[in-house]
Every structure is written in structure tokens, then in C-alpha cells.
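# A structural walkthrough
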Amino acid sequence: MGTHSVRSGRWRVALLAVAIVAEVSVAGGVLVAERRPPGVPRPVAAAPTPTPTRIRAAVEPTAAPEPTRGVAPRPAPPRSLEAARTQRVAAATTLLGRRATALRRRDRKGFAATLDSRQRSFYRSQLEMFDNLEAVGLASWSYRVDRRETRLPAKVVRRYAADEVFAPGVTLAYALDGADGHRNELEQKFTLVRRGTRWFVGSDTDLDVGSHRTARELWDFGPVLSVQGERTVVLGSPTRASYLRALASTTDAAIPRVSAVWGEDWSQQVVVLVPRSQEQVSDLLGERADLSQIAAVAVARVDIVDNRYRTVGNRVIVNPRNFDRLGRLGREVVMRHEVTHVATRGATGPNVPAWLIEGMADYIGYLGTGVSDHGAAAALRSDLRAGRPPRELPADKDFDGGNKRLSQAYEGSWLAARMIVDQTSQRTLVKFYRALGADRSATRAAAMANAMRSVLKTTPGSFTKAWRAYARAKLA
């Protein structure tokens, strides 16, 4: 199994698509449309997905292997240490099992009993998190504990004054009612403490350094309301119930429009998160990216299992600071764009360049809206009229949220997708995308050459030359 992602520094992380806000003229008004991210690194070998550890009452001794001649055998840890670790993992599995059961059953007293009451701030924040989930329908919620263990700093261990302190590898897995096709898995950096014979959860922030931190969800920041559309679940603040319902309707309307182009071989369900602030968007992403131009983000983890892609945690995250500035048409374009990323995620292999990922999303986003070519590519048109025509298709790095020429990167990508449709067909654009996604060539250049030759009947060089001419013709 492998994993690909545009965010690094985690074991398995999200395939991220960032949306920019760009002003374009639309039918006498102004449409503020969104855009998005960097490229996709090649798949790398990853550890297998951790599975629930089966614990035996005792560790059975095994015969030591015959040492290889000339190589010193690696000493096995004392059985007593392995037995102690096994006992800790078993205790953690039991403790977190009780925590999950209490949360699912809305048993506040039972949930509180799993917390270390001596850690007063954490204790209070966890009960607040429990209460924040009251209006969220959960189809499932469970924890998976494995034998990975993080060594905590001595000063952290001393602070608890406990009989034992343990930081195991923990994964939270949950699914929302109405969105069974979009379960999520998140790493949890829990510190567990033993007092006498009982174990408790003492913290989830002791290991907060860089990306090595507990993944957060909306309910970590405040009360959450879950609004269900026909195929959409929208989570956000209970104080914005009408806003959430309107967004659910907009997203529901986007789904069949995306399927009409891409096909119906995806879940056709979408989960949308509406944080209270731009800062919370960063917290949900787990990184402090430049969000100044971002209206929405599509995020997921993509695993490669048996040579097939499996997506986990497909979410669209709205950035209220910019999304709320959009008019009705702008929000429709943004959500079609984001839903396209959800639909295509399972076919987006590491050999699909960002310009095609974003070009496909913008093509579907603008399709049938009446937005003119000049309006949809205003920044690129200004460059052309100033004698600065594009020379190369946008590189993955051009889709960084802080790029001052982000609009040009998206507009150039949209024109590339439009050109494929105009010169061949819509079906060919989809076939080209799928061919690149399925290609397992060692390099992206090889995959691109293969797909252009077999699907578009051209070469990368000829395609780029044709794209430059197409841009001049459309934006003159």
C-alpha cells in the first residue's frame, strides 16, 4: 500500500486543493470565484494501515533465530518490557473503547470517567467537546490502538505524578449519519496516565510540535449543527442554521452537474465543513498555509491499496472570510469546483498534474453558467494584452496559496481543459484525466507522453504550442 499527498510530514495525509478568490465580470456584475492547490508528489512506500492489535494475556516465548555469520544478532528486548507494552496497549484499547461507547451513547458521566480529572483544563475542554457533538449525527465512532509509542519528555512525565504515562499510536475512525461513504480517520496524540489500577486520558496536546499533533475537527472549537441535504451533510455553527441549509441546497445542486460530466462512479455524497473563522480553517488543515486568497478547500487522504485508490476523509472546508463575500453564482461555481475534486479524487493518481486537476474542476465549475471567456480568464487576458503571453502550462508550484499570479495559473488550466473539449469532446477530457490517473509510469513526463499519445493523439510539446495559440484566440 502507498499514499500520495500534497502535504508532507505525516504518515498519511491529505490530497489538498486550495481555492483562490479572483474577480471576474459576469453579466454586468462581479463574480468572486475560487481556486486551488499544489501538485501531487509521487507515491512513496508507507507502513500498512494499522489494524486493531490483538492482545494475548501473556507473550509466548519464541526461539531465537540462528544469527547470520559475521553479523551480530540484534538483541531482543526483555520479555518483561514487551509484556509491559502489551499490557499498556490492552489497557489503552479498553479505555478508549469505553470513551467511544460513552460518546456514541451520549453518556456524559461515562465519558468523564475516562478523563484524568487532575488535568482540569483538559478535563473541562473534553466535556465541552462532548457537548459540542450533541447535534451531530454519528453513524460510528471508534479508536484503533497500535504498538507505536512516542517517548514523552521527562518533564511531561513528571508533571502527571502518575504511576505510569503512555503515549500510544491512536487513530480515531468515525462516520456521519447521511454520509457513510465519507468516513474519516484522524491521528490522535493522546497521553494516557495510570493511577493505581485505572487508566485515564490526560491530554491531547503534549505532542503538539509542527505537524505532529492531534488532528482537529469542528467540534473541538464549539457547538456543531449537522444539516442534511439530499446527498450532502453540512456541519457548522448552530447560530447559522439557515446559512447551512442554503449551502446544503447549493451543494446538492452541484452533485448531478458534476456527475453529468465525470460519471456516476463515485459516492455522490459530499461533506462540507463551515468553520467560524479563517484560523479554524488552518486548524482543520493542520498547517498555517496562506489562506488570504482561499474561498474553499477540498481535502482527503488517498491510499493505494491493491493498485487501486481508496479515499478517506473527503471534505470540503469553506473559508468564511472569503466564501461569504460571494454572490449566489459565485457560490455555485465554487461548490461545483469543489465537488469535482471530491468526485475525481479516487482517479487522481500522482501522475496527474495540478493544471489538469484544477482545469477539470474549473471547466465543470463554469460549465453552463454564462460566464464569458474574458470574464473567466480576466488576469490572463490582461497579461496577453500587455504583451506577456503564457509560455508553459502552469507548474504544480504555481498553485501555492501565496502565489501572486495564482489567478493566471487557474485561468491557464481552465483554458487547457476547454481546449481539449473544443477540439475533441467532453468525454475525451474525462478519458485523458482517467488515463493519467491510472498510469503507473515512474515519471510524470512518461505518463503525460503516454496519455497524450493514446488519448489526445498529440505530444506534450505540440499540446503546449496549441494551448498558447488557443489562449490568444479566446482572449484577444
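Above this text is the structure in question.
Below is a short write-up of the structure. (Residues numbered from 1 in each chain as written. Predicted model: local features only at pLDDT ≥ 70, side-chain atom pairs only at ≥ 80, totals over all residues. Heavy atoms only, no water.)

A positive phi is found at Arg106, a non-glycine position, where the angle reads about 60 degrees. Residue placement: Arg106 occurs in the loop between helix H1 (79-104) and helix H2 (108-112). Of note, Lys457 is a non-glycine position whose phi angle comes to about 60 degrees, a positive value. Secondary-structure assignment places Lys457 in the loop between helix H14 (444-456) and helix H15 (460-475). Classification of Lys457 by relative accessible area gives exposed; the value is 66%. (Helix = DSSP H or I, 4+ residues; strand = E, 2+ residues; numbered from the N terminus. Buried < 20%, exposed > 50% of the residue type's maximum accessible area, 1.4 Å probe, protein only.)

The 3 strands are arranged E7-E10-E11 in an open sheet whose pairing can be described as antiparallel. Among the strands making up the open sheet, the edge pair consists of strand E7 (164-166) and strand E11 (198-203). Neighbour-to-neighbour, the strand axes of this sheet turn through a mean angle of 30 degrees, independent of strand direction. With 3 bridges connecting them, E7 and strand E10 (residues 191-195) associate as antiparallel partners. Along E10, the bridge assignment pairs Phe166 with Leu192. (Pairing = 2+ DSSP bridges. Axes fitted to C-alpha atoms, helices over the stretch in contact; angles between N-to-C directions.)

We now examine the nonpolar core. Judged by nonpolar contacts, the single largest core of 70 residues is most densely connected at Leu247, Trp262, Trp266, Val272, Trp355, Phe432 and Phe463. Among the elements that take part in this core, helix H12 (residues 406-423) stands out by supplying 10 residues, more than any other. For Phe432, the residues in contact, after removing those within four places along its chain, are Trp355, Leu356, Ile420, Met448, Ala451, Met452, Val455 and Leu456. Within the second largest apolar cluster, 47 residues are counted, among which are Leu176, Val233, Val271 and Val281. (Core = buried A, V, L, I, M, F, W, Y, C linked by side-chain atoms within 4.5 Å. Contact = heavy atoms within 4.5 Å.)

Successive residues of a regular strand alternate their side chains across the two faces of the sheet. Residues Val270 and Val272 point to one face of strand E14 (residues 270-273) and Val271 and Leu273 to the other, with burial holding for every one of them. Note that strand E13 (residues 232-236) and E14 share 4 bridges and pair parallel. The residue bridging Thr232 from the neighbouring strand is Val270, located in E14. In this fold, the crossover linking E13 to E14 by way of helix H5 (residues 241-262) has left-handed handedness. The pairing of E14 with strand E16 (residues 308-318) spans 2 bridges and is classified as parallel. Within E16, the position partnered with Val272 by the bridge is Val316. (Right-handed = clockwise from strand over helix to strand, strands pointing away.)

The antiparallel open sheet is built from 3 strands, whose spatial order is E6-E8-E9. Looking at the sheet topology across the chains shown, the edges are occupied by strand E6 (138-149) and strand E9 (184-188). Direction aside, the axes of adjacent strands within the sheet are offset by 20 degrees on average.

Interpretation note: all reported values are geometric properties and have no functional meaning in isolation.
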